[in-house]
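Chain by chain, the residues run as shown.
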Amino acid sequence: MHLFDVYPLLNIEPVSASGCTVIDAQGVVYLDLYGGHAVISIGHCHPHYVARMERQLRKIGFYSNSVQNSLQRELAHKLGVLSGYPDYALFLCNSGAEANENAFKLAAYKTGKSKVLSFSKAFHGRTAGAVACTDKPSIRSPFSLGSDSVTFVPLNDIGAVEAALATQSYAAVIIEGIQGVAGIITPEDKFMQELRLLCTRTGTPLILDEIQSGYGRTGAFFAHQLAGIQADLITVAKGMGNGFPVGGVLISPDFVPVHGQLGATFGGNHLACTAALAVLEVIEQESLMENAKIIGNYLFEQLSFMPHAVSGLRGRGLMMGFEALPEYATLKHDLLYKERCFTGASGSNTIRLLPPMCLTMAEAKQFITSVHKIINE
Ligand SMILES: Cc1ncc(COP(=O)(O)O)c(C=O)c1O
């Protein structure tokens, strides 16, 4: 058997990693400002994470969701406290798309409605419901929900939201805290505040997809908290497990759980909970949200000193995007192959920075030196 060829692959194979460093099969060392697509939150192979996972694996790795699992309760408690949502409930699953699917189900059960309001350029995952709410028709198969189930309105257009919600036909509104795949687009704070008010006024649950923008990356636990709002349902994955597949939905007390409505065989298994607990412990012990803010500000400032090479600098904390000017169109490629530095992309020309939140000042300076070197060549 061979692999089903769905990913365009770089000819690099990472075989070991530590902190913000990745080493390939030839022994080449890379600086990681991509975090494996915003997944590595506390750093590769963090010693506390590794030790906790090893200990748990020797005890018990999995049992079904038909028995008690105190690790799930411990995780729900710690996540509630650290995220500022202590009175919410947690449903555990395995990925971002699955978290969004379950959020849609909860909203639809509660409202008895089926339509979802989403935004231009949104990305919410690749399963049938999540991809239907993703503004990219080319990745939507005929199996996905029909176009009458999801309406897309322009981001920051509160009038369009108001007109749609006035029809009283929506089960939910879904929005990313910061649009990631679109190229790091932050909704305006005022728009988020008005969106919150409209959802409350029309009884429409507000789903905040914090799968990429959450878990401390922006300097706040969730990006939407920087706009001073609360969501009814918040979806998480990516950085939650630092590479171990785990996702979840944070659910407001307005939702009443019903046995059998939601479920997932692997959701909240012992190893997933241990990974997620280790991540939260390290975020707290090492003040990684504060670090994301400080290092993010430094990178932002340094990149803003290069208007001759980069434009459209944007983002919050360690979630940043910019375009290389046409003369430097090969910047991302050169960063990888000349300077040995991983970054993310969006479209053909946008560079996304999504490093582990433990990026040090020395590593940030190394990255800036690399950008200077390429620009000056
Ligand atoms: C904002 C957002 N939502 C959902 C997803 C889907 O997550 P997963 O790939 O874990 O299903 C992604 C993945 O990139 C994402 O960025």
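Residues numbered from 1 in each chain as written. Predicted model: local features only at pLDDT ≥ 70, side-chain atom pairs only at ≥ 80, totals over all residues.

**Student:** What's the story with the sheet that holds strand β3 (residues 29-32) in this structure? I'm lost.
**Tutor:** Spatially, four strands are ordered β1-β2-β3-β13 in an open sheet, and the strand pairing comes out mixed. Across the chains shown, the open sheet's two edge strands, defined by having one partner strand only, are β1 (14-18) and β13 (341-342). (Pairing = 2+ DSSP bridges. Helix = DSSP H or I, 4+ residues; strand = E, 2+ residues; numbered from the N terminus.)

**Student:** So what exactly am I meant to see when it comes to the sheet that holds strand β4 (residues 89-93) here?
**Tutor:** Within a sheet, adjacent strands bond to each other through the backbone by hydrogen bonds, running parallel or antiparallel. Pairing is mixed in the open sheet, where seven strands are placed in the order β4-β10-β9-β8-β7-β5-β6. What marks the edges here is a single partner per strand, and that holds for β4 and β6 (150-153). Ignoring strand direction, the axes of neighbouring strands in this sheet form an average angle of 20 degrees. Each of β5 (115-119), β6 and β7 (170-176) is contacted by helix α6 (residues 158-165), which is oriented at about 155 degrees to β6, the strand it contacts most. (Axes fitted to C-alpha atoms, helices over the stretch in contact; angles between N-to-C directions. Contact = placed C-beta atoms within 7 Å.)

**Student:** Is there a simple way to explain the site of the ligand in this structure?
**Tutor:** Near the ligand lie 13 residues; those nearest to it are S95, G96, A97, G125 and Q212. Of the residues belonging to the shell around the ligand, the class tally is five nonpolar, six polar and two charged. (Near = placed C-beta within 6 Å. Nonpolar A, V, L, I, M, F, W, Y, C, P; charged D, E, K, R; others polar.)

**Student:** How should the domain arrangement of the protein chain be read in this particular structure?
**Tutor:** Many structure descriptions define interface size as the accessible area lost when the parts assemble. Per the domain assignment, the segments making up the protein chain are domain 1 (47-285) and domain 2 (287-352). Put simply, the middle of domain 1 and the middle of domain 2, counted by C-alpha atoms, are 26 Å apart. In this complex, domain 1 contributes 16 residues to the contact, which on the side of domain 2 involves 17 residues. Residue classes in the side of domain 1 that touches domain 2 are distributed as nine nonpolar, six polar and one charged. (Domains from an automatic or database assignment.)

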